[in-house]
Amino acid sequence: MQVLKFGGTSVANAANINKVIAIVKEKIKKDKTIVVVSALGGVTDMLLQAASAAAEGTESYKEQLVIVEQRHLEAVKQLIPVATQSALLSLVKKSCNEIEDICNGIFLLRELTPRSKDRLASYGEWLSSQIIAAAFQAAGIEAVWKDSRELIVTDSGFTAAEVNVEETNKRVLQYFENTGDQLFLLPGFIAADKNGVTTTLGRGGSDYTAAILAAAVNASVTEIWTDVSGMMTADPRLTSNARIIPNISYQEAMELSHFGAKVIYPPTIQPVMGKKIPVVIKNTFAPEDPGTVIEAVSEGKGDIVRGISSINNITLISLEGSGMIGIPGFSKRLFEALSNEKINVILITQSSSEHSICVGIDTLLAEKARQAVDAAFANEIALQKVEPLKTETGLSIVALVGENMKNHTGVSGRMFGALGRNGVNVRAIAQGSSEKNISTVIATADVKKAINVLHEEFFETTYKQVNLFITGTGNVGAKLLGQLQQQLDFLQEQLHLQIKVAGLSNSRKMLVNEEGIDLANWKALLDNGEKANLQTFIDEIISRNLRNSIFVDITANDAVAAVYDQLLKKSIAVVACNKVAASSPYQQYRQLKDLAREYNSRFLFETNVGAGLPVIATLNDLVHSGDRVHQIQAVLSGTLNFVFNNYDGSRPFAEVVRQAQEEGYTEPDPRLDLGGTDVMRKIMILAREAGVKIEMDDITNHSFMPPACMQGTVEDFYREMGKEEAHFKSLLDEAVKAGCKLKFVASFEGGKASVGLQHIDPKHDLYHLYGKDNVVLFFTDRYQEQPMVVKGAGAGAAVTASGVFADIIRASKN
C-alpha cells in the first residue's frame with residue numbers, strides 16, 4: 001500500500017485537482033493507494049480569519065465566508081457533470097450554513113475557544129476531500145471516501161492534539177484490512193478525541209495524517225505532493241542558486257524542517273521513521289521530476305552540508321548573574337518557568353563559566369517569557385544575585401544541516417569565516433553533539449546575505465558572486481567598465497567569479513540594481529538614474545547588504561575618500577584609485593588599514609602608485625616575507641616622464657604638457673603632477689607601506705616650477721608656463737650639455753623622502769625610460785647590490801583601469 005498526500009496548492013482549484021486525478025490514476029496501477037488531501041489552498045486561513053473577525057465583533061467575517069462558499073461551489077461546478085452536481089452542491093451549501101452558524105455564535109459571544117477553532121477549521125479538509133472524491137468518481141475512478149476522524153484518535157488538546165498511537169493503529173488496520181477497494185480518499189489535518197469531538201493535528205497536519213496512516217498500514221512509501229520539486233539546499237526566495245536535494249536522511253530532514261524548511265513539517269517524519277518507510281517529496285505541477293527521497297540512510301553524493309535553513313522572529317533571552325556560578329538548579333528553574341507558560345525553546349547556549357544561560361524563543365512570546373522568568377527569580381533579582389532577564393529582538397537563526405559534517409574537520413571554521421568576511425555578526429551559537437546541525441543567531445537584516453554566503457561556500461563550486469559598486473565613470477571608470485564587460489565570461493569560467501556591477505555613480509547620476517547593471521548599456525541606464533548623492537549611494541550599498549560587496553572609487557574626490565570607514569565597518573571591501581585616503585594624515589591612513597583588518601575586509605589602492613604596475617603588491621610581498629626596505633628610487637610620474645621624454649626644445653614646454661593632459665596622462669589639475677605633489681603622495685604611500693610613519697610635511701620637494709605658474713586657474717597655469725619658456729629651455733640645455741636626461745625622481749632612504757628634477761646619466765637604472773613609463777627600484781636586505789625593479793607604463797586610462805581590475809580580483813579572493 002502507498003500513501004499520497006496532496007497539499008493546498010495542489011488542490012487549490014479545479015484545474016489543479018484534475019492534475020491530482022491524473023497522477024493518482026497512474027499510481028493506482030501499481031498498488032493499493034490512500035490519498036490524503038488538504039483544504040483548497042488558503043481556505044483554512046480564511047476560516048480562521050473569519051473566526052477571529054467574528055470574535056472581535058467585526059461583521060467582515062461574513063464576506064470571508066461568502067468567498068469560501070463560492071470557491072467550493074465553483075470547484076463542484078467545474079469538476080462534476082451537471083447531471084450529478086445537485087447532491088454535492090447541497091452538501092457544500094449545508095456545510096457553509098453550519099460554518100456561518102458557528103461564526104454567528106462566536107460573533108454573539110465575542111469568544112473564540114480552541115475547540116471552536118478546530119471545529120471551524122475542520123470544514124476545509126472535510127469539504128475538499130468530499131469534492132475530490134466525487135471528482136474521482138466523475139472521472140470513472142472508484143474512490144472510497146473515509147472520514148479521518150473515525151480513524152485517528154487524539155487527546156483533547158485542541159489546535160495541536162496528541163495522537164493516541166495505539167488506538168489509532170488499531171482502527172486504521174481494522175478498516176483497511178477488511179476492505180478490498182483500491183483507492184481511498186481521506187481529509188488530512190482533522191481527527192477526533194475519544195468522545196468523537198473534532199480536533200486538529202496542528203500546522204502541517206495533513207502531512208502528519210499521511211504519515212500516521214502510512215505507519216499504521218506499513219506502507220511501502222509516503223509521497224508528499226506539493227508545489228516544489230523537493231526539499232532544497234536553501235530557500236529559493238532568498239538564493240536563486242538553491243537546488244533540489246535528491247536524497248536526505250530522516251534526521252537531516254527533521255533538522256531542516258525544524259529550522260524553517262516548510263516543504264515538510266517535523267511531526268511528519270516521526271511515524272514513518274520507526275518503520276523505515278521512505279518519504280518522497282514530489283511536485284504536482286512537474287510530476288516527472290524525481291523529487292527528494294527521505295529515508296533512513298541517505299544516498300547523497302557526499303555533500304558535507306545537506307541544506308541551509310533559517311527561522312525569523314527570534315528573540316534571545318539571557319539569564320545572567322554571579323549568583324548562578326556553581327549553584328545547581330538555575331537551568332531547571334528557567335526552563336520550568338518557560339514550560340509553565342507553554343513557551344517553546346528553539347535554541348540553547350550556556351557559557352562554560354555558568355555565569356549566563358541564553359535561549360532563543362519566538363519573538364511573540366518574549367514579553368510573556370520576561371514576566372515569567374523575572375517572577376521565578378524575583379528573590380535572586382532582589383538580592384542582586386541574578387539580573388532581570390535580558391531580551392534581544394530582531395534576530396533570526398541560520399542553520400547548517402548535514403550528517404556528513406561530523407566526518408569533516410573545519411566545517412564550523414568555514415561557516416564562521418564566510419560569515420565574518422561578509423560582516424555578518426554571530427550573536428549566539430549552538431551545535432548538538434551529533435554534529436548534524438550548527439546553528440547561529442544573527443540579525444534578521446543579515447539573513448539573506450548569510451544564506452547566500454553559506455550556500456556559495458558549501459554548495460556552489462562553480463562560482464563566487466561579487467557585487468561591485470563603482471563611483472567615477474570618467475576616462476578610467478569607462479575603461480574599467482569596458483574591461484569588465486569583456487572579461488565577464490572568462491572570470492566565471494576560469495576564476496569562478498561571477499562579477500556583477502550592482503551600483504554606478506558619478507557626479508550627476510547614480511543607479512543601483514541588485515540583479516546587475518547591463519554593461520553594454522551602462523551610460524544610458526546611468527543617465528536615466530536618480531540624482532547623485534554620495535551619502536545616499538553609500539547608505540544604499542550598506543542597506544542592500546549584498547554578499548561579497550566591493551566599493552570601487554575611481555575619483556580624485558576628498559568626500560568619497562571620507563566615506564571609506566563607513567563601508568569597511570560593514571565588511572565592504574574598498575578598492576581606491578583615489579589617492580586621497582592613502583596619502584591623508586598618517587592617523588587616517590592607519591585607521592583605514594586597521595578597520596580593514598578588524599572587519600575582515602580589504603582596503604586596496606595599487607593604482608595609487610604606478611597605475612597598473614604591481615608596485616605596492618611587490619612591496620607588500622617583500623615586507624610580508626620578512627625583507628626590509630632600505631632605499632627606494634623611483635620615477636613615479638608617467639606625466640612628467642612623458643613630458644621630459646617629449647620636450648626637446650622644438651616646441652614650447654606648455655604645449656607638451658597640454659598634450660599629456662589631452663592624452664589622459666595627467667591629474668585633472670596638471671599642477672599636481674608638475675608641482676611634484678602627486679609624486680610626493682606616491683613616495684609617501686610607498687614609505688608607509690614599507691612600515692614608516694611619514695607625513696607630507698616630512699618630504700622635501702625640490703620643485704622646478706616657477707611660483708607664478710602655480711597660481712590661479714588651470715588656464716592661468718598654461719599662460720604662465722608660456723611666459724616661462726626660457727626657464728624650461730635652460731633646464732633642458734643644462735641636462736643635454738652634461739650628457740644626461742631630465743627625470744623627476746622620488747627617493748626614500750633612512751626614513752627620509754624627497755622629490756625633484758635630476759640629471760640622469762646613461763649608466764643609471766632610471767635613464768632608459770620612454771614615453772609614460774614609471775620605474776621603481778627597491779633596495780632591501782635581499783636586493784642590496786642589484787635592486788628589485790618594477791618598470792612599465794605608469795599612466796593612461798587603460799593601464800590604470802587594469803590596475804583597478806586587478807585589485808577587484810584580489811578583493812574578490814578575500
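Below is a short write-up of the structure. Quick caveat: nothing in here was measured; it's all calculated off a predicted structure.

This part is about the overall build of the protein. Across its full length, the protein holds 28 helices and 30 strands. Computed over its C-alpha atoms, the radius of gyration of the protein comes to 36 Å, more than 25% above the 28 Å expected for a compact globule of 814 residues. Projected onto the principal axes, the alpha-carbon positions of the protein cover approximately 120 × 70 × 50 Å. With 814 residues in all, the protein has 53% of them scored as buried. Residue pairs at least 24 apart in sequence account for 72% of intrachain contacts in the protein once pairs closer than 6 positions are excluded. Summed over its atoms, the accessible surface of the protein is roughly 34,900 Å², and 48% of this surface lies on carbon and sulfur atoms. Charged side chains of the protein number 81 positive and 94 negative; the gap between the two group centres comes to 1 Å.

Right, let's get into the sheet that holds strand E30 (residues 788–793). The mixed open sheet is built from 6 strands, whose spatial order is E26-E28-E27-E25-E29-E30. This sheet does not close on itself; its edge strands, each paired only once, are strand E26 (699–702) and E30. This sheet shows a mean twist of 20° between the axes of neighbouring strands, independent of strand direction. Pairing analysis gives 6 bridges linking strand E25 (residues 629–635) to strand E29 (residues 773–780), with the strands arranged antiparallel. When the sheet's bridge partners are listed, Gln633 is paired in E29 with Leu777.

In this structure, Asn600 is a non-glycine residue whose phi angle is positive, near 55°. Looking at the element boundaries, Asn600 is found in the loop between helix H20 (586–598) and strand E24 (603–604).

A full pass over the atoms with the stated rule returns 20 aromatic pairs. Where Tyr61 meets Phe107, the ring centres are 5.6 Å apart and the plane angle is 40°; that geometry is what we call tilted. Placement of the pair is Tyr61 in helix H3 (residues 61–79) and Phe107 in helix H4 (residues 86–109), with a sequence separation of 46 residues. The same class applies to Tyr61 and to Phe107, which are both buried. For the pair Phe704 and Phe728, a centre-to-centre distance of 6.5 Å together with 75° between the ring planes defines the contact as edge-to-face. Of this pair, Phe704 sits in the loop between E26 and helix H26 (714–723) while Phe728 sits in helix H27 (residues 725–737); the two residues are 24 residues apart in sequence, bridging distant segments of the chain. Judged by its relative accessible area of 2%, Phe728 falls in the buried class. The aromatic ring of Tyr589 is capped on one face by Arg688, whose charged end is 5.1 Å from the ring centroid.

Our focus in this paragraph is H3. The α-helix winds at 3.6 residues per turn, so residues separated by three or four positions along the chain end up facing the same way. In this model H3 runs 28 Å from its N-terminal to its C-terminal C-alpha over 19 residues, within 8% of the 27 Å that 1.5 Å per residue would give. All buried positions along H3 are accounted for by Tyr61, Gln64, Leu65, Val68, Glu69, His72, Leu73, Ala75, Val76 and Leu79. Considered in projection along H3, the buried side chains sweep an arc of 165° and stay on one side of the axis.

Turning our attention to the pattern of salt bridges. Counted according to the given criterion, the structure contains 38 salt bridges. Measuring nitrogen to oxygen at the nearest pair gives 2.9 Å for the salt bridge that ties Lys27 to Glu223. Pair noted here: Lys27 is in helix H1 (residues 14–27) and Glu223 is in strand E8 (residues 221–226), with a separation of 196 residues, a long-range link. We note that Lys27, like Glu223, is buried. Arg651 is paired through a salt bridge with Glu655; the nearest N and O atoms lie 3.5 Å apart. When its relative accessible area of 24% is taken as the criterion, Arg651 is described as partly exposed.

Here the focus is the sheet that holds strand E7 (residues 198–200). Here we have 3 strands laid out as an open sheet, ordered E4-E6-E7, and mixed in their pairing. Strand pairing shows two members of the sheet lacking a second neighbour, strand E4 (153–154) and E7, which therefore form its edges. Relative to strand E6 (residues 190–193), E4 runs parallel, the two sharing 2 bridges. Bridging from a neighbouring strand, Val153 pairs with Ala192 of E6. Packing against the sheet, helix H5 (residues 114–138) makes contact with E6 and E7, and its axis sits at approximately 80° to E7.

Attention now goes to the packing of helix H23 (residues 653–662) against H26. Relative to each other, H23 and H26 sit at 145°, their axes nearing to 8 Å. Between H23 and H26, the residues in contact are Phe653, Ala654, Val657, Arg658 and Gln661 and Glu715, Phe717, Tyr718, Met721 and Gly722, respectively. When grouped by side-chain class, the residues that make up the contact of H23 with H26 number 6 nonpolar, 2 polar and 2 charged.

Bringing the environment of Ala337 into the picture now. Relative to the helices and strands, Ala337 resides in helix H10 (residues 330–340). Taking the C-alpha atoms as reference points, Ala337 and Asp594, separated by 257 residues in sequence, lie 46 Å from one another. Contact partners of Ala337, with chain neighbours within four places excluded, come to Ala372, Val373 and Ala376.

Direction of pairing for strand E9 (residues 247–249) relative to strand E11 (residues 292–295): parallel, over a ladder of 3 bridges. Counterpart to Ile248 in the pairing with E11 is Ile294. Sheet topology places strand E10 (residues 279–283) next to E11; 3 bridges connect them, and they run antiparallel. Residue pairing across strands places Val280 opposite Val293, the latter belonging to E11.

Moving on: helix H6 (residues 165–177). With 13 residues, H6 should cover 18 Å at 1.5 Å per step; its first-to-last C-alpha distance of 18 Å lies within 8% of that length. If you check which residues of H6 are buried, you get Thr168, Val172 and Phe176. The buried residues of H6 occupy an angular sector of 45° when projected down its axis, which confines them to one face. Exposed side chains of H6 directed beyond 90 degrees from the buried face belong to Glu166, Lys170 and Glu177. Tucked inside the fold, the buried residues of H6 contact strand E2 (33–37), E4, strand E5 (183–187) and helix H7 (205–217).

The N-to-C vectors of helix H13 (residues 411–421) and helix H14 (residues 447–458) enclose an angle of 135°; their axes lie 9 Å apart at closest approach. Classified by the angle their axes make, H13 and H14 are oblique. Of the two possible hands of crossing, H13 and H14 adopt the one that is right-handed. Across from Val411, Arg414, Met415, Ala418, Leu419 and Arg421 in H13, the residues of H14 making contact are Ala450, Val453, Leu454, Glu457 and Phe458. For the contact of H13 with H14, the per-class residue count stands at 8 nonpolar, no polar and 3 charged.

It is worth spelling out the environment of Met684 at this point. Considering the arrangement of structural elements, one finds Met684 in helix H25 (residues 677–689). A C-alpha to C-alpha distance of 9.7 Å links Met684 and Lys752, two positions 68 residues apart in sequence. Residues contacting Met684, with those up to four places away along its chain left out, are Ser583, Ile694, Glu695, Met696 and Ile699.

Conventions and cut-offs
- Residues numbered from 1 in each chain as written.
- Predicted model: local features only at pLDDT ≥ 70, side-chain atom pairs only at ≥ 80, totals over all residues.
- Heavy atoms only, no water.
- Helix = DSSP H or I, 4+ residues; strand = E, 2+ residues; numbered from the N terminus.
- Rg over C-alpha atoms; globule rule 2.2 N^0.38 Å.
- Buried < 20%, exposed > 50% of the residue type's maximum accessible area, 1.4 Å probe, protein only.
- Contact = heavy atoms within 4.5 Å.
- Areas by Shrake-Rupley, 256 points an atom, 1.4 Å probe, with all protein chains shown as cover.
- Lys, Arg positive; Asp, Glu negative; His and termini not counted.
- Charge placed at Lys NZ, Arg CZ, Asp CG, Glu CD.
- Pairing = 2+ DSSP bridges.
- Axes fitted to C-alpha atoms, helices over the stretch in contact; angles between N-to-C directions.
- Phe/Tyr/Trp six-rings, centres within 6.5 Å; stacked < 30°, edge-to-face > 60°.
- Lys NZ or Arg CZ within 6 Å of the ring centre and 35° of its normal.
- Expected span 1.5 Å × (residues − 1).
- Arc of directions from axis to C-beta.
- Salt bridge = Lys/Arg side-chain N within 4 Å of Asp/Glu carboxyl O.
- Nonpolar A, V, L, I, M, F, W, Y, C, P; charged D, E, K, R; others polar.
- Parallel < 35°, antiparallel > 145°, perpendicular 65-115°, else oblique.
- Left-handed = near helix turned anticlockwise from the far one by under 90°.

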